[in-house]
Structure formats: structure tokens, C-alpha cells
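Residues per chain, in single letters:
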Amino acid sequence: MKEVRVRFAPSPTGPLHIGGVRTALYNYLFARLHHGKFLLRIEDTDQSRFVPGAEEYIIEALNWCGIHYDEGVGKGGPYAPYRQSERKEIYKQYAEQLITEGKAYYAFDTPEDLDKMRERIKDKGNAMAQYDAFTRGQMVNSLTLSALETQQRLNSGEPYVIRILIPENEEIVVNDLIRGKVMVDSSRLDDKVLFKSDGMPTYHLANIVDDHLMKISHVIRGEEWLPSAPLHILLYNYFGWEPPVFAHLPLLLKPDGNGKLSKRDGDRLGFPVFPLRWTDPSTGEVSSGYREAGYLPEAFINMLALLGWNPGTEQEIFSMQELIQAFSMEKVGKSGSKFDPEKAKWFNHFYLSQ
RNA sequence: GGUCCGUUCGUCUAACGGUUAGGACGCCAGGUUUUCAUCCUGGUAAUAGGGGUUCGAUUCCCCUACGGACUACCA
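Not measured: the values here are computed from a predicted model. (Residues numbered from 1 in each chain as written. Chains lettered and ligands numbered in written order. Predicted model: local features only at pLDDT ≥ 70, side-chain atom pairs only at ≥ 80, totals over all residues. Heavy atoms only, no water.)

1. Thoughts on the sheet that holds strand β3 (residues 71-72)
Logical step 1: Reading across from one edge, β1-β2-β3 is the order of the three strands in this open sheet, with parallel pairing throughout. Of all strands in the sheet, those with a lone pairing partner are β1 (5-8) and β3, marking the two edges.
Logical step 2: By the bridge criterion, two bridges tie strand β2 (residues 37-40) to β3 in an arrangement that is parallel. Paired with Leu-40 across the two strands is Gly-72, which belongs to β3.
Logical step 3: Contacts from helix α1 (residues 18-33) reach β1 and β2 within the one sheet, and its direction differs from that of β1 by about 165 degrees. (Pairing = 2+ DSSP bridges. Helix = DSSP H or I, 4+ residues; strand = E, 2+ residues; numbered from the N terminus. Contact = heavy atoms within 4.5 Å. Axes fitted to C-alpha atoms, helices over the stretch in contact; angles between N-to-C directions.)

2. Quick notes on the domain arrangement of chain A
Reports of interface size often rely on the accessible area that becomes lost once the parts have come together.
Logical step 1: Partitioning chain A into structural domains gives domain 1 (5-85 + 250-353) and domain 2 (87-249).
Logical step 2: Its C-alpha centre places domain 1 at a distance of 29 Å from the equivalent point of domain 2.
Logical step 3: Listed by partner, the interface residues are 28 residues for domain 1 and 31 residues for domain 2.
Logical step 4: Carbon and sulfur atoms supply 54% of the area that domain 1 and domain 2 bury against each other, a total of about 2,500 Å² over both sides. (Domains from an automatic or database assignment. Buried area = accessible area lost by both parts, 1.4 Å probe.)

3. Topic: the layout of surface pockets
Logical step 1: Counted as a void, the largest pocket has a volume near 1,300 Å³.
Logical step 2: Every residue lining the largest pocket is counted, 44 residues in all, and those nearest its centre are Pro-10, Ser-11, Thr-13, Glu-224 and Trp-225.
Logical step 3: When contributions to the lining of the largest pocket are tallied by element, the ones reaching two or more residues are β1, α1 and β9 (218-222).
Logical step 4: If one sorts the elements of the lining of the largest pocket by residue count, α1 sits on top with four residues.
Logical step 5: Of the residues contributing to the lining of the largest pocket, the split by class is 20 nonpolar, 12 polar and 12 charged. (1 Å grid on protein atoms, 1.4 Å probe; cavity = no way out; pocket = protein on both sides within 12 Å on 5 of 7 lines; lining within 4 Å. Points joined across faces, edges and corners; volume = space filled by probe spheres on them. Nonpolar A, V, L, I, M, F, W, Y, C, P; charged D, E, K, R; others polar.)

4. Focus: the side chain of Asp-44
Logical step 1: With respect to the element layout, Asp-44 can be found in the loop between β2 and α2 (54-65).
Logical step 2: In this structure Asp-44 is buried but unpaired, with Arg-83 as the nearest side chain of opposite charge at 4.9 Å.
Logical step 3: Looking at Asp-44, its side chain comes within polar contact range of the side chain of Ser-85, at 2.7 Å.
Logical step 4: Ignoring sequence-local partners within four residues, the contact set of Asp-44 consists of Pro-12, Arg-83, Gln-84, Ser-85 and Met-200. (Buried < 20%, exposed > 50% of the residue type's maximum accessible area, 1.4 Å probe, protein only. Lys, Arg positive; Asp, Glu negative; His and termini not counted. Salt bridge = Lys/Arg side-chain N within 4 Å of Asp/Glu carboxyl O. Polar contact = N/O pair within 3.5 Å; in protein donor to acceptor, adjacent residues only side chain to side chain.)

5. A word on the confidence of the model for chain A
Logical step 1: Confidence along chain A averages 95 in pLDDT terms, with 99% of residues attaining 70 or more.
Logical step 2: ipTM for the predicted complex: 0.95, alongside a pTM of 0.96. (pLDDT = per-residue confidence, 0-100.)

6. Considering the sheet that holds strand β5 (residues 161-164)
Logical step 1: Taken in spatial order, the three strands of this open sheet run β4-β5-β8, and their pairing is antiparallel. The open sheet is flanked by β4 (104-107) and β8 (193-195), the only strands paired with a single partner. Neighbour to neighbour, the strand axes of the sheet diverge by 45 degrees on average, direction disregarded.
Logical step 2: In this structure, β5 lies alongside β8, joined through two bridges in antiparallel fashion. By the bridge assignment for β8, Ile-162 is matched with Phe-195.

Below, the structure written as C-alpha cells:
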């Protein structure tokens, strides 16, 4: 059997929230259960959203939780570097390879051009405004420009992006460990930007390239990524690489009302949504953390593990070792879980009295 | 709007065609505790709705409703 290699790949755009911690935890449990490797990769391809201290926070939080990684930022490993900003040179050649093979193209449209196109489509009563087979022919790109003009624009240093060329009417199948077969018609996808005008790759390109280069066997991530999984599969196909096995985890929801759990809910309902206290470097705003609120990491992890997964027995108290042994992706639920601060308190109370 | 995912007590969930639908949190009641908390005991409460399939549906299929995610040169 192929070696299990999984990764947790957060963006350093702020403190890691409990949903992220749970994703890291499930990756860790899965890796340990299969005697594989768990790595930490920092996806900092958006320089405009970089937040100082966020990366350090993520590492400290994982440490406090007892979620130890084998390779990654701050630790090194055979596939270093593990910070995407330091791997910048790697990505462009892959994007260009796709262009050479006719699977991607240069686009010179300005943000204003894109806005205009979207408005135009909206006015026509069509709600979906995508850069796709229906619109790409009207835009400024290497598909509509002559080879000579494209080359001239490139040579003159005009800003450009590289977009994937999505095929028409191709059924893409995502085989998900949690959701089963998910089928999507490629015509629904849009020509996503793979390489940005600032010289950095987008998430989609960097993620696929790195997962392949780092020999990731299973991609275990939040459900918010399910809609882009077909694009990722297509990218693996384009490169001729074997895709990893996917597992999209259900989301953590607000305790009351509806929607994804957010930082605001913690402030509003009076419970931490972060493992450790965080002070926003730009506003000075402080967000509470479980560690500072007196929670034991064992209680915090135990509580998180049971949010979206269950052992199939009536056991509720688990040490990290027990979690590793009991964990199974088949037992991960399909629906989102509302976070319950009361249950979190109960777990901590239990561990505190031990 | 479109695409995709989902739906068992208030909440987290078990039951992978046959159970009095189980457990935990919360809540309520009683007991213990000098008091509060703890702790113990008991109780409360659910298969979204409608069609099928089947001898039999929580479980399989379809429709509806509801919820969620995504729909950026963000991840």
C-alpha cells in the first residue's frame, strides 16, 4: 500500500479557528492511524492578506493541541521549503507547460474589463457571469489575440494572468471518501486564474503542484473546497498526475441560527472560537482562546474530535492515543455540526476533575 | 439566480431493512453536600413533509421544503 502522506495547509491570514484545528486534527489522526506522515504547509500566495504573527500562531496552536507534524514550516523535511512564498519559482513553469499544451492561456483583461463583462451578462438576465466557453471569446486573451500580438504584449511587460482552459461537456468525477461519487459537468466550471499578474500562483495551482511534489496521498479538508475539487481533478488530469484521495469534512456551524461558525459568534455568544488568545496586530483587538480560558488541551481536542466524528460506540472520553486507534474516515458525518459551548465546558470539567 | 452538499431529541450523535429509536450535553425533578459547585438517581425530548420499493422503512429511490457551501488575479 502506498505511504499515507497528508497535510494541513492553512493561510496565514489570521488566527487558526477551531474548524481549522479540527481539520488539522483529523489529518493528524489519519496519518498516525496509517503510520504515515503529517505535514504543515503554509499557503501564503496572497501577499495582500498576509498577517504578521499568524504563522507563528498556527504553529503554537498545533503544538499546544498536541498535533505534531513530521515535516513542514519550522521543521523542514525532504520536500522543503514548505512555505509557498518560498516556492514561487516552481509554479510558473507548470502554468506555462499547460499553455504549451493548449490547456491554459494568457489573459490580459483588466479588473475593469472583467467587471464590465460580468455586468453585461447580468443585464442579459443571466445570473452566472463566468469567464468560460461563452465569454472567453469576447475577452482579451491569447485565444482571441494573434500569436504575434500576444507575444508583443508579453514582451512589453503588460500585466497578464494565466487561465485554465476548461473543456466543454466533460463529466468530472470526484471520488470522495465521505461523500462518495460527486459528478459535475465541466461546462459549469469557469476558466479559473492559475497564475496571477503579481507573479504568484493562485491556491488552485500551488495546491495541486505542491500536493503532487510532496507526494500527498489523501487530501482531507473542509467542505468549502468541494466545489473546486472538480477543477483540481481536471488539473491533475492535465498534468498527467494521479490525483490524491479526497475527503471533504463537514463544516462547523454557529451554535444558534445558521451558517458557518465565525469569529463574530465567539464575541457575540461569549465563547472562544480560537485555541489561543489572539491580538490583531493592526487593530489591537483581542480574541479569547481556549488555552487562556482555562481549557486543558486534552479536553479541547476530545471535544473537537467528536464534532463530526464518532467511534460508533458510546465512549466519549478519548486520549489522543485512543483517538488515533478509533479514528476512521467512514465514521465522519456528512452534515455540518453546530458548535456547542456547553458540551465543551463539560469536557473540560471532566478532564479538570481527573 | 446557478452548481454542488446535506436533513434522527434544543445540541452532538447511535441504530449500515425488523430496536420499547440508544447514549451524551442541556433542561426539569428528587437525593447527597453547612452553602454554591460537584456528585448520584430519575425524567424530558427526535426520524422535515409527500410519494414509491418491500412482508416490513430512520435506513433504499423520487419529489417538495428547509439548511449549508461555492459562485474573486482570497484561500
